[in-house]
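# Commentary on secondary and tertiary structure
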Amino acid sequence: MSLFQPETSMFEPLETQDGAEVITRPSLSYWQDAWVRLKKNTRAIISLNIIILLAIFTLLGPFFWDVDPALQDLNQVSQPPSMPKTALVVGSYQSWDGVTIENYEPPEDYADSVPAPTNFRTEGKPTTQVVRLVWDPVPEADGYNVYRNVREPQGFADLGLPLGATYGDELSYEDRLSLESRDYYYSVVPTDGIDEYEIFARLVITPQLAITQEDALERGLINRIDDVAIGELVEIEFHPLGTDYLGRDMLARLMEGARVSLFIGIVAPLLYVIVGIIYGGFAGYIGGRFDVVLMRFADFVVALPFLLFMILFKIAFGIGPGESGIMPMLIALVLLMWPATARLVRGQVLQIREEGYIEAARLLGGKNHYLIMRHIIPNTMGVILVTLTFAVPAAIFTEAFLSFIGMGVAPPTPSWGSMCNEGVKTMLSHPHELFFPALLISITVLAFNLLGDGLTEALDSKMRSRD
Amino acid sequence: MLMYTLKRLLAGVITVWFIATATFIAMHQVPGDPLMNDKAVSAEIRANLEAKYGLDKPVTTQYFIFLGNMLKGDFGISFTQQNRKVNDIIRDHFPVSATLGILAIFFAATGGVLFGALTAVYRNRMPDVAIMFLVILGISVPSFVFAALGQLMLVNINSLFGYSVIPVAGWGTIWHMLMPSLVLGLTTMALLTRLMRSSMLEVVNEDYIKTAKAKGLSPTRIFFRHQLRNAILPVVTVLGPQIAAITTGGFVVELVFAIPGLGRYFVQAVQQLDYTVIMGTTVFYGAFLVFMVIVVDILYGFIDPRVRLS
């Protein structure tokens, strides 16, 4: 067993290492740290991107889609979303004599039943200007009724709109009744001159959109009357998301409405959060009797039934003719919503006031306003930011809600809520008029809610240790 | 306990007074007056009408008359509906709104507790993901869209059967109440589900659950006796404010489903500037909500013996 023999070489000093004691984890401020955590939250980041897209849609949209949202295109009312459409240029309407039987003899006996008319067809090209229907005679019949339906008839009782009746010698009908470019189910029913036989022939037609040169010029689709010849195609006004019941462009209205809805949704919370910060901050910082009185008043305001007073205040501030009613709504929101933030901020301030670092700052001679600006407000910012994020969807909902019951923004100013209100009336026949504004409201509210959830987690510094 | 109740009641009374005053001030700020709606009236008739309704007196006198009548429980006569008392309007239409609200709260509470507990039990599995997706939908989609869609659904169901199985609008039978109250309770249900889920997830890790498991209790017994009962407490606290939300949310549902409730009357009265009806319904609704919140708070003390009311 040999003893350990130290050698002199073992006692050489090591080379000094640079940076052995440098903290490798980067020093992050509170906000940087929160941002890092927020970035890990996929849902919150997607929501943030959606909100940015919405902002672009609202602010930059009108530059790309330069259509007047108030312009009524009465030629295209309640059109569904579509690709760019063209119309066939036709001449002005020419009267038509129709098809008649020369030397017509009415049938002598009235038959109990007759066969359906055959060879039911159109004469010429069916357009939205005119649809001309022709059929072969039924020998036993002494007249015909013509019907038009917009969906497939479910039977004899469901032939649709009665267009007209003809005598036995007339074998044609000219339909010019507000035709649209859609599927029509025409039916022709033979009669004995008065009563119908329970049989019919059917024809499905999709008339082509037609426009006369004069109309095209008037609507500004062409510059000069001989820009297009009869029989050519001309592009008509393009409405990618369709039009509403007055033929106003939905996309342009959604952009205009977004400006109203998001303005109220963002500005109102900003304002009342500021009011709340000032009020709650004072109450919490000064404390004592002052605090009790201020908070008691806030309690009363909280107890006001929100929607009733929203409506009451809105009418109390009044809307003059031609005003949109955005400002009264904004003021009413601020007047009713500030106490929630005030309470929250007061609670935070009361808590932070007792913290050691405030005491230390005070001992070092910090003045009140320095303590408030440098220590108290920055430390409440996280909570306030979260409140703000959740306040936005609440404000958007309130606006939509009021506009929906007709107490919000005054027409013609569009907001998403008032568009929904109009869309609900035609929900069955033109669902797109309700769908788009409702979708935008939902997406916006969803995005802000998810972002709020993400922020709550990201700004909670207790979460840091869990990483 | 008694002191607490009395204190809360006193605060409630003062709050109602505050509501009444705020309503009075707001109403007297409104440009125009109810008599403007009539055809052009001569100055003498106008003066007579104003005298009849007490509008010729100074505002402060009107205020004290209003307060005095309110203490007697008399809200006056409607301006636009001749000879109809505001009290009658409230008596006729409030029960409708209340029935709707109670049913909606019932749907919301049972649905919220049930779904919330389910999501917590099946955490991060299929039922949880599906229900939470619906919850997010319920929170993000405005209630009037649900109302419209609900009505559309009824129309489709009825056309499927060929006759009116469930009435699409109106009021009267239990079938009329089904869809409106469901729609009305939907948003609250979504909120309660979320709350119940997080509260349930907290409870699951508590020591007393472990103890119960160690004792060998059956999972159903643990679920109902230990988890559900403890997790339900936060849900009860928000029920008070949610009652307020549901009553006001009733406006839209009453409008869409053509239900003769007080909410619809209020909107109508506001459009017609019917002073007395507006003031009456606002004060009544306000008082109702204030005392509902107090009742819920007091009940909370009974449900959770750990809470000392003071």
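Residues numbered from 1 in each chain as written. Chains lettered and ligands numbered in written order. Predicted model: local features only at pLDDT ≥ 70, side-chain atom pairs only at ≥ 80, totals over all residues.

### Some points on the nonpolar core
Stated precisely, the cut-off is as follows: What we call a nonpolar core is a set of buried Ala, Val, Leu, Ile, Met, Phe, Trp, Tyr and Cys residues whose membership is set by joining through C-beta atoms within 7 Å. Any residue whose C-beta has 12 or fewer other C-beta atoms within 10 Å is treated as exposed, any with 20 or more as buried, and any in between as partly exposed, C-beta atoms being built from the backbone. Numbering of helices and strands runs from the N terminus, with a helix taken as a DSSP run of H or I at least four residues long and a strand as a DSSP run of E at least two residues long. Two residues form a contact once the distance between their C-beta atoms, set from the backbone, is within 7 Å.
If you look at the biggest cluster of nonpolar residues, it comprises 142 residues, and the most contacted ones within it are Leu333 and Cys420 of chain A together with Ala147 and Val252 of chain B. The leading source of residues in this core is helix α5 (residues 250–286) of chain A, at 15 residues. Those residues within four positions of Val252 of chain B in sequence are excluded, and the remaining contacts are Phe401, Phe404 and Ile405 of chain A together with Ser143, Phe144 and Ala147 of chain B.

### Some remarks on the confidence of the model for chain B
Residues and elements named next belong to chain B. Under the convention used in this document: Each residue carries a pLDDT score, the predictor's own confidence in it, on a scale running from 0 to 100.
The share of residues in chain B with pLDDT of 70 or more is 93%, and the mean pLDDT across the chain is 81. Helix α2 (residues 43–53) is the least confidently modelled element of chain B, averaging 73 in pLDDT, while helix α8 (residues 207–215) averages 89, the highest of any element. Here the prediction assigns the complex a pTM of 0.78, and the interface score ipTM is 0.79.

### A short note on the sheet that holds strand β10 (residues 233–235) of chain A
All names here are of chain A. The criterion, for reference: By the convention used here, strands pair only if DSSP detects at least 2 bridges between them. The convention used is that axes are lines fitted to C-alpha atoms, helices contributing only their stretch in contact, and that angles between N-to-C directions extend from 0 to 180 degrees.
Within the open sheet, the three strands sit side by side as β9-β1-β10. Their pairing is mixed. Every interior strand has two partners, whereas the edge strands, β9 (210–212) and β10, have only one. Mean inter-strand twist for the sheet, computed between neighbouring axes without regard to direction, equals 45°. Direction of pairing for strand β1 (residues 86–90) relative to β9: parallel, over a ladder of three bridges. Bridge pairing in β9 places Val89 opposite Ile211.

### Structural notes on the interface of chain A and chain B
Short version of the rule: Residue type decides the class: Asp, Glu, Lys and Arg count as charged, Ala, Val, Leu, Ile, Met, Phe, Trp, Tyr, Cys and Pro as nonpolar, and the leftover types, Gly among them, as polar.
Counting from both sides, the interface comprises 29 residues of chain A and, opposite them, 31 residues of chain B. Secondary-structure elements contributing two or more residues to the side of chain A that touches chain B are α6 (288–303), α7 (306–317), α10 (368–404), α11 (416–425) and α12 (432–459) of chain A. Considering only residue class, the side of chain A that touches chain B consists of 26 nonpolar, three polar and no charged.

### A word on the confidence of the model for chain A
When the pLDDT values of chain A are averaged, the result is 82; 97% of them are 70 or greater. Contacts of residues 463–467 of chain A to residues separated by more than four positions or lying in other chains number three contacts, the stretch itself having pLDDT below 50.

### Some details on the packing of α7 of chain A against helix α1 (residues 2–29) of chain B
Keep this limit in mind: Angle categories: roughly parallel below 35 degrees, roughly antiparallel above 145, roughly perpendicular from 65 to 115, and oblique for all the rest. We call a crossing left-handed when the near helix sits turned anticlockwise from the far one by less than a right angle, and right-handed when that turn is clockwise.
At a closest axis distance of 7 Å, the pairing of α7 of chain A and α1 of chain B adopts a crossing angle of 30°. Classified by the angle their axes make, α7 of chain A and α1 of chain B are roughly parallel. Judged by the twist between their axes, the crossing of α7 of chain A over α1 of chain B is left-handed. In this structure, α7 of chain A contributes Leu312, Phe313 and Ala316 of chain A to the contact, and α1 of chain B contributes Thr23, Ala26 and Gln29 of chain B. Looking at the contact of α7 of chain A with α1 of chain B residue by residue, the class counts come to four nonpolar, two polar and no charged.

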